[in-house]
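Residue-level structural notes
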Amino acid sequence: MARIIASAEALNNADSKHVHVAAGNIAHLSGDPLEYGSNTIGPSPGDYLCMSLASCQALTLRQFAKRKKWKIESINVKVSLVKWDQVATARNTFFVELILSGDLNPAQRKQLMEIARSCPVHRLLGKPSDVVTVIT
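Residues numbered from 1 in each chain as written. Predicted model: local features only at pLDDT ≥ 70, side-chain atom pairs only at ≥ 80, totals over all residues. Heavy atoms only, no water.

**Concerning the nonpolar core**
For clarity, the threshold we go by: We define the nonpolar core as a collection of buried residues of types Ala, Val, Leu, Ile, Met, Phe, Trp, Tyr and Cys that are connected through side-chain atoms lying within 4.5 Å of one another. When a residue's accessible area, from a 1.4 Å probe over protein chains only, is under 20% of the maximum for its type it is buried; when over 50% it is exposed; and in between it is partly exposed. Put simply, DSSP H or I for four residues or longer makes a helix, DSSP E for two residues or longer makes a strand, and each gets a number counted from the N terminus. Any pair of residues with heavy atoms lying within 4.5 Å of one another is described as a contacting pair.
Counting 20 residues, the largest nonpolar core has Leu61, Ile75 and Leu112 as the members making the most contacts within it. Going through the elements one at a time, α1 (45-68), β4 (72-82) and α2 (106-117) are the ones with two or more residues in this core. Per-element accounting of this core gives the leading share, eight residues, to α1. Look past the residues within four positions of Ile75 in its chain and what remains in contact with it is Ala58, Leu61, Arg62, Ile99 and Leu100.

**Comments concerning the pattern of salt bridges**
Quick note on the threshold: Note on definitions: salt bridges are taken to be side-chain nitrogens of Lys or Arg within 4 Å of carboxyl oxygens of Asp or Glu.
Using the criterion set out here, one finds one salt bridge in the structure. Among the ionic pairs, Glu114 bridges to Arg117, the shortest N-O distance being 2.8 Å. Remark: Arg117 and Glu114 occur in helix α2; sequence separation between them is three residues, near one turn of the helix.

**Quick look at α2**
For an α-helix the count is 3.6 residues per turn, leaving residues at separations of three or four pointing the same way. Here is the rule: The span expected for a helix works out to 1.5 Å for each residue beyond the first. What the arc measures is the spread of directions leading from the helix axis to the C-beta atoms. N or O atoms closer than or at 3.5 Å make up a polar contact, with two conditions inside protein: a donor-capable atom paired with an acceptor-capable one, and, for residues adjacent in sequence, both atoms drawn from side chains.
Look at α2: 17 Å from first C-alpha to last across twelve residues, which is about the 16 Å you get at 1.5 Å a residue. Along α2, the residues that are buried comprise Gln108, Leu112, Ile115 and Ala116. Along the long axis of α2, the arc covered by the buried residues comes to 100°, so they all point the same way. What points out from α2, more than 90 degrees from its buried face, is the exposed set Pro106, Ala107 and Lys110. In the core, the buried residues of α2 are packed alongside α1, β4, β5 (93-102) and α3 (120-125). N-cap assignment for α2: the residue whose side-chain oxygen lies 3.0 Å from the backbone N of Ala107 is Asn105.

**So, α1**
Its 24 residues place the ends of α1 35 Å apart at the C-alpha level, agreeing with the 34 Å of an ideal helix rising 1.5 Å per residue. Turning to α1, its buried residues number three or more, namely Cys50, Leu53, Ala54, Cys56, Gln57, Ala58, Thr60, Leu61, Phe64 and Ala65. Elements that come into contact with the buried residues of α1 comprise β4, β5, α2 and α3. Directly beyond the C-terminal end of α1, a positive phi value near 60° is found at Lys69.

**Let's talk about the sheet that holds strand β1 (residues 9-11)**
Note the threshold: Paired strands, as defined in this entry, are two strands with at least two bridges between them according to DSSP. Working convention: axes come from line fits to C-alpha atoms, limited for helices to the stretch in contact. Angles between N-to-C directions cover 0 to 180 degrees.
With antiparallel pairing, three strands are arranged side by side in an open sheet as β1-β2-β3. Two strands in the sheet have a free side with no partner beyond their single neighbour: β1 and β3 (26-31). In this sheet, adjacent strand axes meet at a mean angle of 30° when their direction is disregarded. Where β1 meets strand β2 (residues 18-23), three bridges bridge the pair, whose relative direction is antiparallel. Residue pairing for β2: Leu11 is matched across the bridge by His20. In this fold α1 packs onto β2 and β3, with an angle of close to 130° to the strand it touches most, β3.

Pasting the structure below:
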């Protein structure tokens, strides 16, 4: 059997516009985007995709900086997702802004940019994926 690297579960009851989502023993709420009548009870599914990429890049950068003994006070990663029909490339596009606070020279900043692109979620999103759905 293939090794599972991540998993999650979502439960929607009745006519609710939000779902209970869980990964392991951590639970959250997710809601429809505002344009679909959300009551903003939780992030939208697209927001969770952005959070996944942002957190992975922040953690990857922190681990790298720690190994190099670079002094980075804070790592702020902002991610926005734009749907394929809104960009010239006709591809869903994640725009990422790295805000690094610390004493870093231009060479270090360039290296951190490359490291951010090598985080596991960035690599995963950059490759084609298959979604296999079954009803049980």
